[in-house]
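Examining the three-dimensional arrangement
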Amino acid sequence: MESINHEALALDDHEKDLIREYGIVVHYPKGQIIFSEGDTADRIYLIEEGFVKIYRITPDGRRVTVGSMRTSGQLMGLAETLYHGERTCFAGAINDATLVVVRKARFEELLVNHPSIAIKVATTLGVRMREAEAIIQEMVCFQVPGRLAMLLLKMSERAGVETETGTKIGFRLTHEEIACMIGTSRQTVTSLLNIFRQENSIAIEDKEVYILDPDKLSKWIV
């Protein structure tokens, strides 16, 4: 499967400084909803610190994650804001997060004055479209163990911290949150994590997940 280039989404220091000039800094505690489905999309966000999940709520009340996690240095809330629609998803802070919030009019002014950022926004939207296509393919082509293995590998790549034990995923997700991200049940996630642990692909210490053997984990992706 084609690899998504997340480095293309990262803003450089100068670009982030420009965005800060046009917005305000807001702190969101872990679990805080940043925007909700149905909200008017009148602002964009630059993530300074932390991780944000994008999700929808099904008619029966289940949370289903759509798209990938948004991480520090990335923009979010772009597409709906640019055409001034309504939010179709929820965004929530996975851990304590700090964001720069820029109102739509100010953001449009920023894009006019600084075309390099406009190009970066276009690149971001293009990469995320490809990412959405890849997620659909994963759901169709891979069984649940493969989807879980791929999620763990992606999280370790994007938020991994190297330790003596292995690559620690740099934030905690509940089994329910992981289930929402790969389209399965909490019980299935718990069972599969135990299998991965028994085969020494991963370790779990104090609710922290460590990737011990990426190659062994990759073999589940079939």
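Every value quoted in this text rests on a predicted model; they were computed, and no experiment measured them.

The rules behind the values
- Residues numbered from 1 in each chain as written.
- Predicted model: local features only at pLDDT ≥ 70, side-chain atom pairs only at ≥ 80, totals over all residues.
- Heavy atoms only, no water.
- 1 Å grid on protein atoms, 1.4 Å probe; cavity = no way out; pocket = protein on both sides within 12 Å on 5 of 7 lines; lining within 4 Å.
- Points joined across faces, edges and corners; volume = space filled by probe spheres on them.
- Nonpolar A, V, L, I, M, F, W, Y, C, P; charged D, E, K, R; others polar.
- Core = buried A, V, L, I, M, F, W, Y, C linked by side-chain atoms within 4.5 Å.
- Buried < 20%, exposed > 50% of the residue type's maximum accessible area, 1.4 Å probe, protein only.
- Helix = DSSP H or I, 4+ residues; strand = E, 2+ residues; numbered from the N terminus.
- Domains from an automatic or database assignment.
- Contact = heavy atoms within 4.5 Å.
- Buried area = accessible area lost by both parts, 1.4 Å probe.
- Salt bridge = Lys/Arg side-chain N within 4 Å of Asp/Glu carboxyl O.
- Pairing = 2+ DSSP bridges.
- Axes fitted to C-alpha atoms, helices over the stretch in contact; angles between N-to-C directions.

Some points on empty space enclosed by the protein
- Applying the stated rule across the entire model yields one cavity of 30 Å³ or more.
- Approximately 80 Å³ is the volume found for the largest cavity.
- In terms of lining residues, the largest cavity is bounded by Met 155, Ile 169, Phe 171, Arg 172, Leu 173, Ile 178, Lys 207, Glu 208 and Val 209.
- Residue classes in the lining of the largest cavity are distributed as six nonpolar, no polar and three charged.

Structural notes on the nonpolar core
- The biggest cluster of nonpolar side chains holds 26 residues, and the ones touching the most others in it are Leu 148, Leu 152, Met 155, Phe 171 and Leu 217.
- Among the elements of the structure, α5 (144-159), α6 (175-182), α7 (186-198) and β12 (208-211) are those that each provide at least two residues to this core.
- By residue number, the principal contributor to this core is α5, which donates eight residues.
- Each of domain 1 (6-140) and domain 2 (142-219) accounts for three or more of the residues forming this core.
- Leu 148 has contacts with Ile 178, Ile 182, Val 189, Leu 192, Leu 193 and Phe 196, leaving out every residue within four places of it along the chain.
- Within the second largest apolar cluster, 15 residues are counted, among which are Tyr 22, Leu 75, Leu 78 and Val 100.

A closer look at the domain arrangement of the protein chain
- Its domain assignment divides the protein chain into domain 1 (6-140) and domain 2 (142-219).
- Using only C-alpha atoms to locate each centre, domain 1 and domain 2 end up separated by 25 Å.
- Facing 17 residues of domain 1, the contacting portion of domain 2 comprises 15 residues.
- When domain 1 packs against domain 2, close to 1400 Å² is buried across both sides, 58% of that on carbon and sulfur atoms.
- When the area that domain 1 buries against domain 2 is broken down by residue, the three leading residues are Met 69, Glu 138 and Met 139, summing to 42%.
- Counting across the interface, domain 1 meets domain 2 through one salt bridge.

Overview of the sheet that holds strand β4 (residues 52-57)
- Strand order in this open sheet of four strands is β2-β7-β4-β5, and the pairing throughout is antiparallel. Looking at strand neighbours, the two that pair on one side only are β2 (33-35) and β5 (63-65), the edges of this open sheet. This sheet shows a mean twist of 45 degrees between the axes of neighbouring strands, independent of strand direction.
- Here two bridges tie β2 to strand β7 (residues 90-93), and the two strands are oriented antiparallel to one another. Looking across to β7, one finds that Ile 33 is bridged to Gly 92.

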